[in-house]
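Here is how the chains run, residue by residue.
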Amino acid sequence: MLDVIGLTPAEEELYRCLLQLTTARIDELVHRLHRPREQVVAQVEALRGKGLVQPTDNDPDAPLRPTAPDVALGGTLLRRQEDLEAARRLVTQLAEEYRSGLRRHHVDHLVEVITGGRVLRDRLRDLQNSARTEVLWFCRANPLAMAGPENVEEFDALARGVSYRAIYERDLLLEPGALADLAKGVAAGEQARVLDRLPVRLAIVDARTAICPLVPDRAGGEPSAAVIGRSQLLDALLALFESHWRVATWLRLDDPLAVAAPEGRRPEPECHPGDGYQPDADEARLLSLFVAGVPDKSIASQLGVSRRTVQRRIADLMAAAGVDTRPGLAFQVARRGWL
């Protein structure tokens, strides 16, 4: 297996032999390996050139000893990994250029149909790895191909400056661990909003490629999806996303202090209705989840407090807004621009 980093099977066998012996002279290696002396000498020199073998002292006839393979080969492994990663990115880019060329000259290539959860997951990963400017998501509950924690490509893309805008269905926020997972994405730079329902599952990369499932979730069987290139259909999907983005509710999940918010009743805000009161970061995070329709129990779990504490803080904010109902508080949050 080490031939992928330039170590031949014969050199690997000689090195393993030397590892077993700890130290050995050329003649002993010839005897052990049953090879011609000149061949063993050449292989020893090759191993010395790779930093895997060295003499025990300055005498050229001194016994040989092996060196640590991770030290000698670590740099080579790292360079090979970097080369493979660069090659993978280039292949992804070339594949997209190939598909774009086909779409320009053949209408039937504007839409590619893919089938199977693994194929869909791999395409989503490849598109994110090739993203340069922006990724858009419609994230519905019960993911078909890739759950949120599996989408490690998002963090790599965010780190290299790609923008992410995601709209989540409210039911998805109620799944175990969903809010904590969303908080990690928001902390890394994702912009997140929530709606009660989304019409379809959708991912759009750089306004050039979209992936959209073809059959309803309830249909069962292997998922299938359309990969859509630049076209009026893609323009329509972009417009669909933007129309939902404008009416979706912001999710404020990026305040690390809010997770450690203390238990118990907070002092009531020192304000009166209409006096320009602005919620602090902790309150803004609570209000974001409240307006998104997240139940009190889930809000409490996300903030690291009790359900009773959440209810008390909402009551404090209702007093600050001068209302006595929760719908009234939601209205005042929007009217006063608290989020």
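The model shown is predicted, which means the values in this text are computed figures rather than measured ones. (Residues numbered from 1 in each chain as written. Predicted model: local features only at pLDDT ≥ 70, side-chain atom pairs only at ≥ 80, totals over all residues. Heavy atoms only, no water.)

Here's the deal with the packing of helix 11 (residues 281-291) against helix 13 (residues 307-321)
Contact geometry of helix 11 with helix 13 gives a least axis separation of 11 Å together with a crossing angle of 100°. Here helix 11 is positioned roughly perpendicular relative to helix 13, judged by the angle of their axes. Residue-level inspection shows D282, E283, L286, L287 and F290 of helix 11 in contact with helix 13, the latter providing V310, R313, I314 and L317. A class-by-class count of the residues in the contact of helix 11 with helix 13 yields 6 nonpolar, no polar and 3 charged. (Axes fitted to C-alpha atoms, helices over the stretch in contact; angles between N-to-C directions. Helix = DSSP H or I, 4+ residues; strand = E, 2+ residues; numbered from the N terminus. Parallel < 35°, antiparallel > 145°, perpendicular 65-115°, else oblique. Contact = heavy atoms within 4.5 Å. Nonpolar A, V, L, I, M, F, W, Y, C, P; charged D, E, K, R; others polar.)

Points about the side chain of R201
Relative to the elements of secondary structure, R201 occurs in the loop between strand 6 (191-195) and strand 7 (202-205). For R201, the side chain forms a polar contact with the main-chain oxygen of R140, separated by 3.5 Å. Within the structure, the side chain of R201 is placed 2.9 Å from the backbone oxygen of A141, a separation counted as a polar contact. (Polar contact = N/O pair within 3.5 Å; in protein donor to acceptor, adjacent residues only side chain to side chain.)

Some thoughts on unusual backbone geometry
With a phi angle near 55°, D206 is a residue other than glycine that sits in the positive phi range. Along the chain, D206 turns up in the loop between strand 7 and strand 8 (209-213). Backbone geometry places A207, a non-glycine residue, at a positive phi of 55°. Examined against the element boundaries, A207 turns out to sit in the loop between strand 7 and strand 8.

Details of helix 13
Between its terminal C-alpha atoms helix 13 stretches 21 Å, which fits the 21 Å expected from 15 residues at 1.5 Å a residue. In this structure, the buried side of helix 13 is in contact with helix 11, helix 12 (296-303) and helix 14 (326-336). Count one or two residues on from helix 13 and you reach G322, which has phi positive near 75°. (Expected span 1.5 Å × (residues − 1).)

Quick look at a nonpolar patch on the surface
Side chains of V111, V113, L214, V215 and L233 sit close together on the surface and give an oily, nonpolar patch of about 400 Å² of accessible area. Assignment of secondary structure puts V111 in strand 3 (residues 111-115). When its relative accessible area of 36% is taken as the criterion, V111 is described as partly exposed. (Patch = residues over 30% accessible without salt bridge, like charges linked within 9 Å, V, L, I, M, F, W, Y side chains within 5 Å. Areas by Shrake-Rupley, 256 points an atom, 1.4 Å probe, with all protein chains shown as cover. Salt bridge = Lys/Arg side-chain N within 4 Å of Asp/Glu carboxyl O. Buried < 20%, exposed > 50% of the residue type's maximum accessible area, 1.4 Å probe, protein only.)

Regarding the sheet that holds strand 9 (residues 224-228)
Sheet strands line up and pair through hydrogen bonds in the backbone, either parallel or antiparallel. As summarised here, the arrangement of the 8 strands in space is 3-9-8-7-4-5-6-10, forming an open sheet in which the pairing is mixed. Each edge of the open sheet is held by one strand with a lone partner, namely strand 3 and strand 10 (249-250). Pairing between strand 4 (residues 134-139) and strand 5 (residues 163-169): 6 bridges, direction parallel. When the bridges of strand 5 are listed, E134 appears paired with S163. (Pairing = 2+ DSSP bridges.)

Focus: the nonpolar core
The tendency in soluble globular proteins is for nonpolar side chains to be buried side by side. If you look at the biggest cluster of nonpolar residues, it comprises 51 residues, and the most contacted ones within it are W137, Y168, L173, L251, I299, L329 and W338. Those residues in contact with L329 that lie beyond four places of it in its chain are L287, F290, I314, L317, M318, A321, V323 and W338. One finds I26, V44, L47 and L64 within the second-largest nonpolar core, a separate group that totals 18 residues. (Core = buried A, V, L, I, M, F, W, Y, C linked by side-chain atoms within 4.5 Å.)

Brief notes about the pattern of salt bridges
Taken as a whole and judged by the stated rule, the model has 15 salt bridges. The salt bridge partner of D27 is R37, with a shortest N-O separation of 2.1 Å. Here D27, found in helix 2 (residues 26-33), pairs with R37, found in helix 3 (residues 37-49); they are 10 residues apart in sequence, far enough to count as distant. The partner of E153 in a salt bridge is R125, and the shortest N-O contact between them spans 2.7 Å. In this pair, E153 sits in helix 6 (residues 153-159) while R125 sits in helix 5 (residues 117-130), placing the two residues 28 residues apart along the sequence. On the basis of relative accessibility, which here comes to 10%, the residue E153 falls in the buried class. Linked through salt bridges whose partners overlap, the residues forming this network are E134, R165 and E242.

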